[in-house]
2 protein chains.
Amino acid sequence: MRRLTVLLLGLASAVSAAEPLSTAQVLESAKPSDWRRPDPANTLYLDLPAGRVIIELAPRFAPEHVANIKALAHDKFFDGLPIGRVQDNYVTQWGDLDEIRKNATSTRKLPDETVIAWSQALPIVKLPDTDGYAPETGWLDQFPVGIEQKPSGQVWMTHCYGTVGVGRGDWPDTGSGSELYAVIGQAPRHLDRNIVLVGRVLRGMDLLSSLPRGSGAMGFYSDPEKPKRTLIRGARLASELPESGRTPIEVLRTDTPLFTQYVEARRNRREAWFVRPAGHIDICNLPIPTR
Amino acid sequence: MRRLTVLLLGLASAVSAAEPLSTAQVLESAKPSDWRRPDPANTLYLDLPAGRVIIELAPRFAPEHVANIKALAHDKFFDGLPIGRVQDNYVTQWGDLDEIRKNATSTRKLPDETVIAWSQALPIVKLPDTDGYAPETGWLDQFPVGIEQKPSGQVWMTHCYGTVGVGRGDWPDTGSGSELYAVIGQAPRHLDRNIVLVGRVLRGMDLLSSLPRGSGAMGFYSDPEKPKRTLIRGARLASELPESGRTPIEVLRTDTPLFTQYVEARRNRREAWFVRPAGHIDICNLPIPTR
């Protein structure tokens, strides 16, 4: 069994802080304060027959869209609706794709929330590495972002693996949140600033990425495939469930010295397996650890 | 049904060549000579219960590894062996992971073929867009490459979605080809120059990417999962099958003016759906069309 990945050296305690650490060593050295618990009011559970997908919503980026998605979840709008589109190396999309459940909330007209205004006051943690799609990248509220201070003065969440967005038709229809998608392949960064992003999957991506691909155009399931679509059991905010119904989860903070060590450990892999460290890391090649 | 993707304008013939075209328009305007048929001697069929995965091998990049894989296929080495590892957002790996079928070919010591020497004579088609992991990128023999003319003088295939590589243990064990993997997630470019790449999947990626993820470490299937692993029906070179057993396939050439148009159409999407063209394209966000 040849292992195409890291060897865990397991020497964290023996290594001085001055030496570069492996990813495993960094995580082993994390203190409780290096982790955070997502706000239950911004944690959306997408419960599928195979298990629970945990999504963290991002109200700073798309306040009205996130509020509308919360209202839809509160009204049990998604329950019984299908995962209707799975396009290989692109997206899995769910919700009212057949437009059978239209109501005031699901058809609400919302403003353009594809970008937010840049400001010096935003607590952005920058990634110094170059990026082709944005002048700068980093994290804001633990979400990956692109930054263009000039001329546009814009900040936007980037499309990475696990990013969750709002399906829409042609502009300026920005979607209501009644149809959502998650990225399941190579980061489609060309979608950045073209569509409203509302959060990212913290856990359970495999439940969305391992589904059968739809054989119709753009990965939609064809009519013969529709009866076998995965149906959503429920979509609920963690805050609307009793403690007993919630799934404990912690996410590595991105605004700590430890996270900087983590980024460096990913930029230049120190594990014995690697013979040529890359010297570079892409914003979408930095999955944020959870536990 | 809100469609998170291109609208096909269907106006190719009405648009003058001077105007930027959409991806669909570019492909509609392709001539027969813009397509190529992969050499059957370098085309490996990985036949699974769910269908055929077509892999194009890259002898220029890793001649001894490719020759060894061909020898293994000729000897029916892979038949009945499992897909033993599926790690979400990373790789699917198959072959003799349990090391139950060792023989002279599968244990052969091969040279380091992670990179080839750069030379002005290499027919590389360059992508002008910046890249964080390599000074330059492009295509060589239709495979995506990173290029570092100085100081290393190296060219290497890049890890993109669908790239196929050779599992190995720790350096300098470079693997024999008895275990192969395909990338099923965000391009793990940090693996570039660390492992031998031998080709890429032309068709059938969905058969590898939609498999259940292994619950063991690094996505290996755990012991209880092993009896349900997908088994390889056969792995054969197209050239060793009669015509009737081959799957016709054509791949868009990368060394044509039309391909340059295709890249531009992907760099700046012209479809009505897009409101903010990216102005940039990543080497791993340019899937090469097949038909």
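Presented here is an overview of the structure given in this document.

### Digging into the side chain of R266(A)
Residue and element names in this part refer to chain A.
Consideration 1: Locating R266 in the fold gives a position in helix α4 (residues 257-267).
Consideration 2: For the buried R266, which has no salt bridge, the nearest side chain bearing the opposite charge is E271, at an N-O separation of 7.5 Å.
Consideration 3: Apart from residues no more than four positions distant in its own chain, R266 is found in contact with T23, I281, N285, L286 and P287.

### Remarks on the relation of the copies chain B and chain A
Consideration 1: Placing chain B over chain A gives an RMSD of 0.0 Å and needs a rotation angle of 180°, together with 0.0 Å of translation along the axis. Taken together, the turn and the small shift mark the pair as related by a two-fold rotation axis.
Consideration 2: Mapped onto chain A, 100% of the interface residues of chain B again fall at the interface, so both copies present the same surface.

### A closer look at the pairing of strand β13 (residues 197-203) of chain A
All names here are of chain A.
Consideration 1: Of all seven residues in β13, six are buried; the element is thus mostly enclosed.
Consideration 2: Both strand β3 (residues 51-57) and β13 contribute to a ladder of four bridges, which runs antiparallel. Paired with I54 across the strands is R203, a residue of β13.
Consideration 3: Where strand β11 (residues 163-166) meets β13, three bridges bridge the pair, whose relative direction is antiparallel. Counted as the bridge partner of V164 is G199 from β13.

### Let's talk about the sheet that holds strand β8 (residues 136-140) of chain B
Residues and elements named next belong to chain B.
Consideration 1: One open sheet holds the five strands; their spatial order is β6-β10-β9-β8-β7, and the pairing between them is antiparallel. In this open sheet, the two strands that pair with only one neighbour each are β6 (116-117) and β7 (125-127).
Consideration 2: With four bridges joining them, strand β9 (residues 143-148) and strand β10 (residues 154-157) adopt antiparallel strand pairing. What sits directly across from I147, in β10, is V155.

### Description of the packing of aromatic side chains
Consideration 1: On inspection of all chains with the given rule, the structure shows 10 aromatic pairs over all chains.
Consideration 2: Plain terms: the ring middles of F77(B) and F78(B) are 5.5 Å apart, the flat faces sit at 90° to each other, and that makes the pair edge-to-face. The same class applies to F77(B) and to F78(B), which are both buried.
Consideration 3: Ring centres 5.7 Å apart and planes at 35° place the aromatic pair F259(B) and Y262(B) in the tilted group. With a gap of three residues between them, F259(B) and Y262(B) both fall in helix α4 (residues 257-267), about one helical turn apart. Grouping residues by exposure puts F259(B) and Y262(B) together as buried.
Consideration 4: Of the aromatic side chains, those joined through ring pairs into one cluster are W139(A), F259(A) and Y262(A).
Consideration 5: Geometry around Y45(A) places R52(A) over its ring, the cationic atom sitting 3.8 Å from the centre.
Consideration 6: We note R193(B) situated over the ring of W156(B); from NZ or CZ to the ring centre the distance is 3.9 Å.

### So, the interface of chain B and chain A
The extent of an interface is frequently quoted as the accessible surface area lost upon association of the parts.
Consideration 1: Taken residue by residue, the interface counts 64 residues in chain B and 64 residues in chain A.
Consideration 2: Here chain B packs against chain A, burying approximately 5,800 Å² in sum over the two surfaces, 51% of which is carbon and sulfur.
Consideration 3: Inspection of the chain B/chain A interface yields two salt bridges.
Consideration 4: Salt-bridge contacts for R276(A) lead to D112(B); the nearest nitrogen and oxygen are separated by 4.0 Å.
Consideration 5: Taken together, the links from chain B to chain A amount to 30 residue pairs in polar contact (both at pLDDT 80 or more).

### A closer look at the environment of F259(A)
Residues and elements named next belong to chain A.
Consideration 1: The buried category is assigned to F259, whose relative accessible area is 1%.
Consideration 2: Sequence separation of F259 and I69 is 190 residues, and the distance between their C-alpha atoms is 30 Å.
Consideration 3: The contact partners of F259, leaving out residues within four places of it in the chain, are W139, L252, R253, T254 and I288.

### What about the pattern of salt bridges?
All names here are of chain A.
Consideration 1: Throughout the structure, instances matching the rule amount to 44 salt bridges over all chains.
Consideration 2: Measuring nitrogen to oxygen at the nearest pair gives 3.0 Å for the salt bridge that ties R189 to D131. Taken together, the residues R189 in the loop between β12 (179-183) and β13 and D131 in the loop between β7 (125-127) and β8 (136-140) connect sequence positions 58 residues apart.
Consideration 3: Residue R189 is classed as buried on the basis of its relative accessible area of 4%.
Consideration 4: Overall, the relative accessible area of 15% leaves D131 in the buried class.

### Looking at the state of the cysteines
Residue and element names in this part refer to chain A.
Consideration 1: Per the counting criterion, the structure on display carries two disulfides over all chains.
Consideration 2: At a sulfur-sulfur separation of 2.0 Å, the disulfide partner of C160 is C284. On the sign convention where negative means left-handed, the S-S torsion of about -75° between C160 and C284 marks this disulfide as left-handed. In this pair, C160 is assigned in the loop between β10 (154-157) and β11 and C284 in the segment after α4, connecting sequence segments 124 residues apart.

About the thresholds
- Residues numbered from 1 in each chain as written.
- Chains lettered and ligands numbered in written order.
- Predicted model: local features only at pLDDT ≥ 70, side-chain atom pairs only at ≥ 80, totals over all residues.
- Heavy atoms only, no water.
- Helix = DSSP H or I, 4+ residues; strand = E, 2+ residues; numbered from the N terminus.
- Buried < 20%, exposed > 50% of the residue type's maximum accessible area, 1.4 Å probe, protein only.
- Lys, Arg positive; Asp, Glu negative; His and termini not counted.
- Salt bridge = Lys/Arg side-chain N within 4 Å of Asp/Glu carboxyl O.
- Contact = heavy atoms within 4.5 Å.
- Least-squares fit on C-alpha atoms with pLDDT ≥ 70 in both.
- Pairing = 2+ DSSP bridges.
- Phe/Tyr/Trp six-rings, centres within 6.5 Å; stacked < 30°, edge-to-face > 60°.
- Lys NZ or Arg CZ within 6 Å of the ring centre and 35° of its normal.
- Buried area = accessible area lost by both parts, 1.4 Å probe.
- Polar contact = N/O pair within 3.5 Å; in protein donor to acceptor, adjacent residues only side chain to side chain.
- Disulfide = S-S within 2.5 Å.

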